[in-house]
Amino acid sequence: MDGNGRWAKKRALPRAVGHQRGVEAVRRLVRALEPTGLECLTLYAFSSENWKRPDEEVDDLMNLMRRFIRSDLPEFVANKVKLKIIGDWQSLAPDIVAMLEDALAQTANGNQTLAVALNYGAQHEIARAAAKAAASGAVSIETIAAHLDTADLPPLDLLIRTSGEIRLSNFLLWQAAYAEMIFVDTLWPDFEPAHLMQALDDFARRERRYGGR
Ligand code: IPE
Ligand code: MG
């Protein structure tokens, strides 16, 4: 989810407003999830590198997260959205960890997964998984994959990056091995369910060969 800052800048608004509108884009998308039939939608909300931003912006993002969970959790439960968190989320502020634990428990019976990457960095995820695989005595593709944060999620099929940047920025590096990628110029606050539908349409037309022919 990239482009909140540029969205705000274009309008001479504070970055915080861009992030706020970014949350609204998330809400729209989650509300539109059911008819897509998607098993899982993963959102990159806060990277392990985002701590480098000014304290004020980090605080804004954390507060937005608190408010979003508080306001939207009942809707997740009602709509059978199952929350999943990937990344080092347990080291976030204790009140956020508690809110997330409660949200995970309340949504455990959902049938469509909304995975949120919080304090997430793929290289660290892979290193952690490899260390666990080594501790279990067998380092292989399978044992590393089994220890990734996404071990219980379906394979990654499609990765979408907004805002015109064409890089992965340490997101789901392992999982993206055979994922289709779509890069759109749309800034995240402008991202509508229709953009997702378009991406799913494009995805459906791609021929996937996994190295075969
Ligand atoms: C993405 O928007 C939001 C988060 C990283 C949380 P940015 O804040 O990266 O927006 P730009 O890249 O400055 O436009
Ligand atoms: Mg950015």
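For the structure, see preceding data.
Residues numbered from 1 in each chain as written. Chains lettered and ligands numbered in written order. Predicted model: local features only at pLDDT ≥ 70, side-chain atom pairs only at ≥ 80, totals over all residues. Heavy atoms only, no water.

Caption draft 1: Region of interest: the pattern of salt bridges. By the definition in use, this model includes 20 salt bridges. We note a salt bridge from E75 to R31, for which the minimum N-O separation is 2.6 Å. With a gap of 44 residues between them, E75 in helix 3 (residues 55-78) and R31 in helix 2 (residues 15-31) connect regions that are remote in the sequence. Among the ionic pairs, D88 bridges to R128, the shortest N-O distance being 3.3 Å. With D88 in the loop between strand 2 (81-86) and helix 4 (94-106) and R128 in helix 5 (residues 122-135), this residue pair connects regions lying 40 residues apart in the sequence. Residues joined by salt bridges that share partners form a network here, namely D2, R6, R161, E165 and R167. (Salt bridge = Lys/Arg side-chain N within 4 Å of Asp/Glu carboxyl O. Helix = DSSP H or I, 4+ residues; strand = E, 2+ residues; numbered from the N terminus.)

Caption draft 2: Geometry of the nonpolar core. The biggest cluster of nonpolar side chains holds 34 residues, and the ones touching the most others in it are L92, L100, L114 and L118. Secondary-structure elements contributing two or more residues to this core are helix 2, strand 1 (40-47), helix 3, strand 2, helix 4 and strand 3 (112-120). The next biggest cluster of nonpolar side chains, apart from the first, holds eleven residues, and it includes A117, F171, L172 and A176. (Core = buried A, V, L, I, M, F, W, Y, C linked by side-chain atoms within 4.5 Å. Buried < 20%, exposed > 50% of the residue type's maximum accessible area, 1.4 Å probe, protein only.)

Caption draft 3: Representation of the sheet that holds strand 3. Pairing in this open sheet of three strands is parallel, and the strands run 1-3-2 from one edge to the other. Of all strands in the sheet, those with a lone pairing partner are strand 1 and strand 2, marking the two edges. Ignoring which end each strand starts from, the neighbouring axes of this sheet average 20° apart. Where strand 1 and strand 3 come together, seven bridges link them in parallel fashion. Within strand 3, the position partnered with Y44 by the bridge is A117. Docked against the sheet, helix 4 engages strand 2 and strand 3, running at close to 140° with respect to strand 2. (Pairing = 2+ DSSP bridges. Axes fitted to C-alpha atoms, helices over the stretch in contact; angles between N-to-C directions. Contact = heavy atoms within 4.5 Å.)

Caption draft 4: Main features of the packing of aromatic side chains. For the structure on display, the rule yields seven aromatic pairs. Where F68 meets F76, the ring centres are 5.9 Å apart and the plane angle is 75°; that geometry is what we call edge-to-face. The exposure classification of F68 matches that of F76, with both residues buried. Taking 5.9 Å as the distance between ring centres and 80° as the angle between the ring planes, the aromatic pair formed by Y120 and F171 counts as edge-to-face. Here Y120, found in strand 3, pairs with F171, found in the loop between strand 4 (158-161) and strand 5 (180-183); they are 51 residues apart in sequence, far enough to count as distant. Across this residue pair, the class does not change: Y120 and F171 are buried. An aromatic cluster of three or more residues is present, and its members are Y44, Y120 and F171. (Phe/Tyr/Trp six-rings, centres within 6.5 Å; stacked < 30°, edge-to-face > 60°.)

Caption draft 5: Region of the structure containing the packing of helix 2 against helix 3. Axis separation between helix 2 and helix 3 bottoms out at 10 Å; the angle between their running directions is 25°. In terms of orientation, helix 2 lies roughly parallel with respect to helix 3. For the pair helix 2 and helix 3, the sense of crossing is right-handed. Residue-level inspection shows R15, A16, H19, Q20, V23, V26, R27, V30 and R31 of helix 2 in contact with helix 3, the latter providing E57, D60, L61, L64, R67, F68, S71, D72, E75 and F76. Considering only residue class, the contact of helix 2 with helix 3 consists of eight nonpolar, three polar and eight charged. (Parallel < 35°, antiparallel > 145°, perpendicular 65-115°, else oblique. Left-handed = near helix turned anticlockwise from the far one by under 90°. Nonpolar A, V, L, I, M, F, W, Y, C, P; charged D, E, K, R; others polar.)

These results come straight from atomic positions and should not be treated as a statement about function.
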